[in-house]
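# Fold and geometry: a report
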Amino acid sequence: MLKQASGICKVVKQKYSLLSYNQITYKLVVGIAYLLCVLLLSLIFWQKPVSPTLSEITFYQCDVENSLVSHKTLNVLLPIADHANNFAEMLCDNKLVSKYYSKVKVTWGGRSELTADELLKEQYQLLWARAESLQGMVLHLDDIYQEVLPSQAVNMFWLSNVDTAQLTPAFLANRVIGLVKDQKSFSSYLVPIASLKQQGFNLSNLSINYYDTYKSLYDAFKRKEVDLIPSGNWFSSFVDLDSYHKIAIGHQLETGELYMAKSIYSLELSCELVLVFSQYNPLFSESEIEFKTSQHCEY
């Protein structure tokens, strides 16, 4: 294609150099010819910008409906991307939120990405995290953030597409295990790794695939790209499967508390945020463990 374009340019130049036009006309025609050649070459080499992949997208932002303020954003931090868009839109549609904010930005990512500086500066007005993780990052966490919803306990298990699945060397010999890459994830890295070690498995002898997000892990399981993944009772709210086999891990996982920055805390707003956060209840609803509600809010 490049050779063809270059050939066209040479032919144009040779053709118009033979014309008996006056000097001004000749220069004008040659200039137009070269401009057409440049445009042709630009079209040949022009490429559309590459769209970001799902793993590169780390936040969702929306404008608050009928906001009474301007240039004020409610920043929320979640450990998972699942349902984050819906959560943000529900906050943007909330009448009480509209009294205080003009935008909502929900960010998600691995727990290792949260820094002490972000906590001290209250970069996030609402965040979902485990108390022990936050307390290990800053002193006097209670002076910065107010807990508005206690952590929920859920049971953990291995999930398999195979009805005869067992945590035995014979079963895992030709099977692929799926985990997330986040080494601070209790549910999809730390707990399952500990489970395998307790069963006497050498991790280097196992076939393990690692995924960027929980969703990509569950999608791989649905495609039967992996044979065994860790999960909690929230699995059915993310993946629609007719049947799957559970193997109990024997571990109760704390999902983390919901915190609100004290600088913007009010009982009315905190209870409203907890109410909107209740859309995540299906993640815990199938658990046999009692769901804990806010001590200060009545619904």
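Anything mentioned here points back to the structure above.
These lines cover the structure that appears in this document, whether it is placed above or below.

Thresholds applied
Residues numbered from 1 in each chain as written. Predicted model: local features only at pLDDT ≥ 70, side-chain atom pairs only at ≥ 80, totals over all residues. Heavy atoms only, no water. Phe/Tyr/Trp six-rings, centres within 6.5 Å; stacked < 30°, edge-to-face > 60°. Helix = DSSP H or I, 4+ residues; strand = E, 2+ residues; numbered from the N terminus. Buried < 20%, exposed > 50% of the residue type's maximum accessible area, 1.4 Å probe, protein only. Lys NZ or Arg CZ within 6 Å of the ring centre and 35° of its normal. Axes fitted to C-alpha atoms, helices over the stretch in contact; angles between N-to-C directions. Parallel < 35°, antiparallel > 145°, perpendicular 65-115°, else oblique. Left-handed = near helix turned anticlockwise from the far one by under 90°. Contact = heavy atoms within 4.5 Å. Nonpolar A, V, L, I, M, F, W, Y, C, P; charged D, E, K, R; others polar.

## Quick notes on the packing of aromatic side chains
To describe a pair of aromatic rings, one takes the distance between the centres and the angle between the planes. This model, assessed by the stated rule, comprises 6 aromatic pairs. A ring pair is formed by F87 and F277, whose centres lie 5.9 Å apart and whose planes are at 75°; its orientation type is edge-to-face. On the criterion of sequence distance, the pair formed by F87 in helix α3 (residues 84-92) and F277 in helix α11 (residues 267-277) is long-range, its members being 190 residues apart. On the basis of relative accessible area, F277 is assigned to the buried category, the value being 4%. Plain terms: the ring middles of W128 and F277 are 5.0 Å apart, the flat faces sit at 90° to each other, and that makes the pair edge-to-face. On the criterion of sequence distance, the pair formed by W128 in strand β4 (residues 126-129) and F277 in helix α11 is long-range, its members being 149 residues apart. For W128, a relative accessible area of 7% translates into the label buried. Taken together, the aromatic side chains of F87, W128, F277 and Y280 make up a single cluster linked through ring pairs. A cation sits over an aromatic face here: K246 above F157, 4.5 Å from the ring centre.

## Thoughts on the packing of α3 against α11
Between α3 and α11, the shortest axis-to-axis distance is 10 Å and the interhelical angle comes to 140°. Relative to α11, the element α3 lies oblique. The chirality of how α3 crosses α11 is right-handed. Of α11, the residues touching α3 (which contributes F87, M90 and L91) are L273, V276 and F277. Each residue belonging to the contact of α3 with α11 can be placed in one class, and the counts come to 6 nonpolar, no polar and no charged.

By themselves these figures say nothing about function.
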